[in-house]
Amino acid sequence: MEQKAVHLDRETFSCPICLDLLKDPVTIPCGHSYCKNCIKDHWDTEDEKRIYSCPQCRKSFIQRPELLKNTMLAALVEELKKTGLQAAPADLCYAGPEDVACDVCTGRKLRAVKSCLQCVASYCEKHLQPHYQSATFKKHKLVEPSEKLQENICSRHDEVMNLFCRTDQQCICYLCSVDEHKGHDTVSAAAERTERQRELEGSRHNIQQRIQDREKDLKVLQQEVEAINGSADKAVEHSKKITTEMIRLIKKRDSDVKQNVRSQQEIEVSRVKELQEITELKRKDAELKKLLHTEDHNQFLHNYPSLSALSESTHSSSIKIRPLKYFEDVTAAVIEVRDVLQDILRDTWTDISLTVTQVDVLPSQPETKTRADFLKYSCKITLDLDTAYTQLFLSEGNRKATFNQPKSYSDHPDRFNGWRQVLSRESLTGRCYWEVELRGGVGVAVAYKNIRRRGFSNECGFGYNEKSWMLFRSTDHSEFWHENVQTLVSGLQFCRLGVYLDHSAGGPNFMIEGRTYKEEGMWLVPLSLVLCPA
């Protein structure tokens, strides 16, 4: 009776999850108690479900309950430990919520240690012993505990499926082999497994070989990454140093301009002050007035020679007032320098970006040969209204351009005002593909975004400079333009044009109804689609 009470106490103060004596016990709102770490780990696995439940009664909580220590239960557990009551022995390891339970145990089930494929049952250590002791069970196949044993039973004949039908590629029982699978190529499941296992070992060998090859590649790439990181750090450091020097130079020039302006300011102000004789004349007038009122004749005649003589006036009665410009020319000159600097930075930034984007250490992609290959890189293109020439009408969500009467577009610095052209809103990088429907004489081009927009010069026209490439289609011929060089494309009459960009491959492909035309020797980096009605 005393031993039974001890077992009762052990079960009462054991954690239902780990089956050991409670450690740092906590009680959740439904009243059940657990080790703090056990219930915490259990609820951590339920975070994705956002619903937390009790492993025993399955009561759910929408919000994760706060875990508070059960001080009374903790004190009782400590007292039990002092009496010599320890964790449950190995043969009393009860099945938890995540364990496979013994199918023979009654009441509270113990944890299964093996499953039998022939018996289609799982056993604890105690109930497994007949499989080790009886000759009847020794030929049974024991596996690790599994909850999917019923999947080995034929749903039609309720027999173990120990055969495999190669004709239908499925597991069957022996009754199936003489019924609906009669005459099929059938073997034992063990034989099929051996064959499949041999195939898997071959596949695994190939995978291991590929892993070794990739590990070698990875080492090379890691060295490349280290070199890239080192080069990038140096580039950033040098760029910062150079930028700092540029800022210092600009500040010095600013200081020089300020000093020169202030110096000239003093000179001009002094020159103006020299022309102001009014103070000296007033003093002379006062002395003469005093002399005129002197009653002493001798004193008058004595002072007359020194006061009567007047110095020659430097004042001109015809001073010319210049327009009020003063130092405005200096401001204009500084503005001009600023504009030049902005142009330089804008034009050279693309070159800097080009240099940066040329870093490529990844393996090359398979070559695209068919339209289906190109469509993998398909992208949606919309036209930028702020760049459209005033006689281009955009419609269909800015995806169609039509040459028409002048439109009342607002003046915008990005707008082409000399050439009938428009840029896309998107900047395209890497691999991109799009298709264009053409009517009449029209050209499709790719260009750098910093192409000039104002004026009629070749610097603004697609295909007439080094910053753009254009394929032009007229009613009777096609021609390719780059750097103002024309290349005739004979035998191409088309109304649909596919453009494929891959800057790492060195140029654009123009695909026309399944055929491709590639201009050799081109190099493109972040480019924009442009549609150019002629």
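Residues numbered from 1 in each chain as written. Predicted model: local features only at pLDDT ≥ 70, side-chain atom pairs only at ≥ 80, totals over all residues. Heavy atoms only, no water.

The name recorded for the chain in an unreviewed UniProt entry is Tripartite motif-containing protein 16-like, from Sparus aurata.

Participant: Tell me about the overall build of the chain, and name the residues and values.
Facilitator: Across its full length, the chain carries ten helices and 22 strands. Expressed as a percentage of its 534 residues, the buried residues of the chain come to 28%. Restricting the contact set of the chain to residue pairs at least 6 apart, pairs at least 24 apart contribute 51%. Counting only carbon and sulfur atoms, one obtains 53% of the accessible surface of the chain, whose full area is about 36,500 Å². (Helix = DSSP H or I, 4+ residues; strand = E, 2+ residues; numbered from the N terminus. Buried < 20%, exposed > 50% of the residue type's maximum accessible area, 1.4 Å probe, protein only. Contact = heavy atoms within 4.5 Å. Areas by Shrake-Rupley, 256 points an atom, 1.4 Å probe, with all protein chains shown as cover.)

Participant: Can you tell me about the side chain of Ser-14, naming the residues and giving the values?
Facilitator: Of note, Ser-14 is situated in the loop between α1 (2-12) and β1 (25-27). In contact with Ser-14, not counting residues within four places along its chain, are Leu-19, Asp-20, Leu-21 and Leu-22.

Participant: I'd like a rundown of the state of the cysteines, residues and numbers included.
Facilitator: Summed over the entire model, instances satisfying the criterion amount to zero disulfides. Not engaged in a disulfide, the cysteine Cys-105 finds its nearest cysteine sulfur in Cys-102; these two sulfurs lie 3.7 Å apart. Cys-173 forms no disulfide, and the closest cysteine sulfur to it belongs to Cys-176, at a distance of 3.5 Å. Classification of Cys-173 as buried rests on a relative accessible area of 0%. (Disulfide = S-S within 2.5 Å.)

Participant: Describe the sheet that holds strand β6 (residues 121-123), with residues and values.
Facilitator: Taken in spatial order, the three strands make up an open sheet running β6-β5-β7, and their pairing is antiparallel. Every interior strand has two partners, whereas the edge strands, β6 and β7 (142-143), have only one. As judged from the three bridges shared by strand β5 (residues 114-116) and β6, these two strands associate in the antiparallel manner. By the bridge assignment, Lys-114 is partnered in β6 with Tyr-123. (Pairing = 2+ DSSP bridges.)

Participant: Before we move on, could you go through the pairing of strand β18 (residues 485-489) and cite the residues and values that matter?
Facilitator: Across five bridges, the pairing between strand β17 (residues 478-482) and β18 is antiparallel. Its bridge partner being in β18, Trp-481 is matched across the sheet by Gln-486.

Participant: Residues and numbers for a nonpolar patch on the surface, please.
Facilitator: A contiguous nonpolar patch, built from Ile-242, Met-246, Ile-250, Leu-341 and Leu-345 and spanning about 430 Å² of accessible area, is present on the exposed surface. Of all elements in the fold, only α6 (189-274) and α9 (328-357) reach the threshold of two or more residues within the nonpolar patch. Element by element, the count of residues in the nonpolar patch is highest for α6, at three residues. Turning to its location among the elements, Leu-341 is positioned in helix α9. With a relative accessible area of 33%, Leu-341 lands in the partly exposed category. (Patch = residues over 30% accessible without salt bridge, like charges linked within 9 Å, V, L, I, M, F, W, Y side chains within 5 Å. Salt bridge = Lys/Arg side-chain N within 4 Å of Asp/Glu carboxyl O.)

Participant: Help me get a handle on the sheet that holds strand β8 (residues 163-165), residues and values and all.
Facilitator: Read from one edge of the open sheet, three strands run β9-β8-β10, paired in antiparallel fashion. Each edge of the open sheet is held by one strand with a lone partner, namely β9 (170-172) and β10 (186-188). The mean inter-strand angle of the sheet, taken between neighbouring strand axes irrespective of direction, is 35°. Pairing of β8 with β10, which is carried by three bridges, proceeds in the antiparallel orientation. Bridge assignment links Phe-164 to a residue of β10, and that residue is Val-187. (Axes fitted to C-alpha atoms, helices over the stretch in contact; angles between N-to-C directions.)

Participant: I'd love a proper account of the nonpolar core, names of residues and values included.
Facilitator: Within the largest apolar cluster, 18 residues are counted, with the highest numbers of intra-cluster contacts made by Ile-28, Ile-39 and Trp-43. Elements represented by at least two residues in this core include exactly β2 (33-35), α2 (36-44) and α3 (71-82). Those residues in contact with Trp-43 that sit more than four places away from it in its chain are Ile-28, Tyr-52, Ser-53, Phe-61, Arg-64, Pro-65 and Leu-67. In this structure, Val-436, Leu-438, Leu-471 and Leu-501 belong to the second largest nonpolar core, which totals 17 residues. (Core = buried A, V, L, I, M, F, W, Y, C linked by side-chain atoms within 4.5 Å.)

Participant: Residues and numbers for the environment of Arg-58, please.
Facilitator: As for its placement among the helices and strands, Arg-58 is situated in the loop between β3 (52-53) and β4 (60-61). Note on Arg-58: relative accessible area 48%, which makes it partly exposed. Sequence separation between Arg-58 and Cys-30 is 28 residues; the distance between their C-alpha atoms is 9.4 Å. Setting aside anything within four residues of it in sequence, one finds Arg-58 in contact with Ser-53 and Pro-97.

Participant: Give me the lowdown on the confidence of the model for the chain, citing residues and values where you can.
Facilitator: Parts of the model with low pLDDT should not have their predicted coordinates read in detail. When pLDDT is averaged across the chain, the result is 78; 80% of the residues are at 70 or more. Between the elements of the chain, mean pLDDT differs from a low of 33, seen in strand β22 (residues 528-533), to a high of 93, seen in strand β13 (residues 422-423). This stretch, residues 87-91, has a pLDDT under 50; its non-local contacts, to residues over four places away or in other chains, come to seven contacts. Confidence drops under pLDDT 50 across residues 512-534; counting only partners more than four residues distant or on other chains, this segment forms 100 contacts. (pLDDT = per-residue confidence, 0-100.)

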